[in-house]
2 protein chains.
Amino acid sequence: MAMNEDMNTSTLRGPLDHEIRDQIINAATQHFGHYGYEKTTVSDLAKAIGFSKAYIYKFFDSKQAIGGVICSNRLAMIMQIVEAAMAEAPTASEKLRRLFRSISEAGSDLFFHDRKLYDIAAVASRDQWPSVKAHELRIRELIQQIVLEGRESGEFERKTPLDEAVNAIFLILRPYVNSAQLQYNLDTAAEAAVHLPALILRSLAP
Amino acid sequence: MAMNEDMNTSTLRGPLDHEIRDQIINAATQHFGHYGYEKTTVSDLAKAIGFSKAYIYKFFDSKQAIGGVICSNRLAMIMQIVEAAMAEAPTASEKLRRLFRSISEAGSDLFFHDRKLYDIAAVASRDQWPSVKAHELRIRELIQQIVLEGRESGEFERKTPLDEAVNAIFLILRPYVNSAQLQYNLDTAAEAAVHLPALILRSLAP
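Computed from a predicted model, the values in this text were never measured in an experiment.

What counts, and where the lines are drawn
- Residues numbered from 1 in each chain as written.
- Chains lettered and ligands numbered in written order.
- Predicted model: local features only at pLDDT ≥ 70, side-chain atom pairs only at ≥ 80, totals over all residues.
- Heavy atoms only, no water.
- Contact = heavy atoms within 4.5 Å.
- Buried area = accessible area lost by both parts, 1.4 Å probe.
- Salt bridge = Lys/Arg side-chain N within 4 Å of Asp/Glu carboxyl O.
- Polar contact = N/O pair within 3.5 Å; in protein donor to acceptor, adjacent residues only side chain to side chain.
- Helix = DSSP H or I, 4+ residues; strand = E, 2+ residues; numbered from the N terminus.
- Nonpolar A, V, L, I, M, F, W, Y, C, P; charged D, E, K, R; others polar.
- Axes fitted to C-alpha atoms, helices over the stretch in contact; angles between N-to-C directions.
- Parallel < 35°, antiparallel > 145°, perpendicular 65-115°, else oblique.
- Left-handed = near helix turned anticlockwise from the far one by under 90°.
- Buried < 20%, exposed > 50% of the residue type's maximum accessible area, 1.4 Å probe, protein only.
- Lys, Arg positive; Asp, Glu negative; His and termini not counted.

For an interface, size is often stated in terms of accessible area lost upon the parts coming together. Contact with chain A, which involves 27 residues of that partner, is made by 27 residues of chain B. Interface of chain A and chain B: buried area, both sides summed, is about 2,400 Å²; carbon and sulfur atoms make up 61% of it. The largest contributions to the chain A side of the interface with chain B come from Leu171, Tyr184 and Arg202 of chain A, which together make up 27% of the buried area. Linking Arg202 of chain B and Glu164 of chain A is a salt bridge whose minimum nitrogen-to-oxygen distance equals 3.7 Å. The interface formed by chain A and chain B contains twelve residue pairs in polar contact (both at pLDDT 80 or more). The set of elements that each furnish at least two residues to the side of chain A that touches chain B consists of α8 (162-177), α9 (179-182) and α10 (189-204) of chain A. Ranked by residue count, the leading element in the side of chain A that touches chain B is α8 of chain A, at ten residues. Along the lines of polarity and charge, the residues of the side of chain A that touches chain B split into 14 nonpolar, seven polar and six charged.

Before going further, it helps to examine the packing of helix α4 (residues 63-87) of chain A against helix α7 (residues 130-153) of chain A. All names here are of chain A. Between α4 and α7, the least distance of the axes is 9 Å, while the angle of their chain directions is 15 degrees. Classified by the interaxial angle, the pair formed by α4 and α7 is roughly parallel. You can see that α4 and α7 cross each other, and the crossing is right-handed. Touching Gly68, Cys71, Ser72, Leu75, Ile78, Met79, Val82, Glu83 and Met86 of α4 are Ser131, Val132, His135, Arg138, Ile139, Leu142 and Ile146, all from α7. Of the residues that constitute the contact of α4 with α7, the class distribution is ten nonpolar, four polar and two charged.

We now examine the side chain of Arg151 of chain A. Residue and element names in this part refer to chain A. Mapped onto the elements, Arg151 comes out in helix α7. Although Arg151 is buried, it makes no salt bridge; Glu157 carries the closest opposite charge, 4.5 Å away. Aside from chain neighbours lying at most four places away, what touches Arg151 is Phe156, Glu157, Arg158, Thr160, Pro161, Leu162 and Ala165.

Bringing the environment of Ser108 of chain A into the picture now. Locating Ser108 of chain A in the fold gives a position in helix α5 (residues 92-113). Linking Ser108 of chain A and Leu186 of chain A, residues 78 residues apart in sequence, is a C-alpha distance of 6.9 Å.

See below:
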């Protein structure tokens, strides 16, 4: 049931369709922000935009398909911030520190300080929507790249099986990646973003 | 608002009062289990037990006071399991492993496999009821004891400030202590209970 995010019955036919899709997404972002994702139906949305429900269904299969696009957009923004933060780090150790800091800051900012889209993010994380799964996979890949880089440069030990090291680091970071969990960790996110990579770097010392 | 858990206007007057309190707690445990904590009112509860609402208020100040006792009982059971698991561990390292394993198993079992009281646990964790805060404090103290013991025996390094090491370990364990978060980690709790202490022990190596 959670698998049809991002899928549509209609195919895109051109710039006009693209514009209408954007218009629906923007209106839905506003509307979900006011009334919450779970409480809003596609009928509510249609009424608010001034489209018929049938017309919206020409562009999106379901409410979740709309929520999925909004969620994907947000996660793509977070990933851009994370990659920008890591790009210029001189060492694998510094990359790990920046990964933790940027994930925890971008997550807190985008989903909670503006708080509007928290509802979608929490549902998406709880139900593990495809965009959320893809995001978590991408984060795990970043961790693996960092560990491999640090092993090659001699910053990190090489005894622990790679999978085990990467998985444990991912499990430590996950409560700050997953929006449904991050809400319980906002108070400690800033100190966690410093103390957790410090502990992990001690564990990676050769 | 979340601070009056466990407080009652009436003082206990004897064995009969104690019995009636137990009767209310048992009935509430059943009732919350069926209908959920958040959806149940004290009136619902009174009707179900066959007491008047006023009579229940002679023993408990509020619904939260009742939920607080149920939650405290559960957390006390978890703590007994944790302490029993750690008691016979021969080293600080083994204590740390057993702490992670027992917390994650006891939490999963008591709150989720029987799933009945999840609703209370999640509300209590989300709103940080006093019993939950006390439980988290106790877990943090256990971690500190383990780190101190390992530093004294020479199993662990002594360079990192004690507070920082203890806090980071607590932050790693917390998603498995906090019931509101544990629900998102049930799938990975078993592997986490092995891989996380292993990573932490590498970080503590002298």
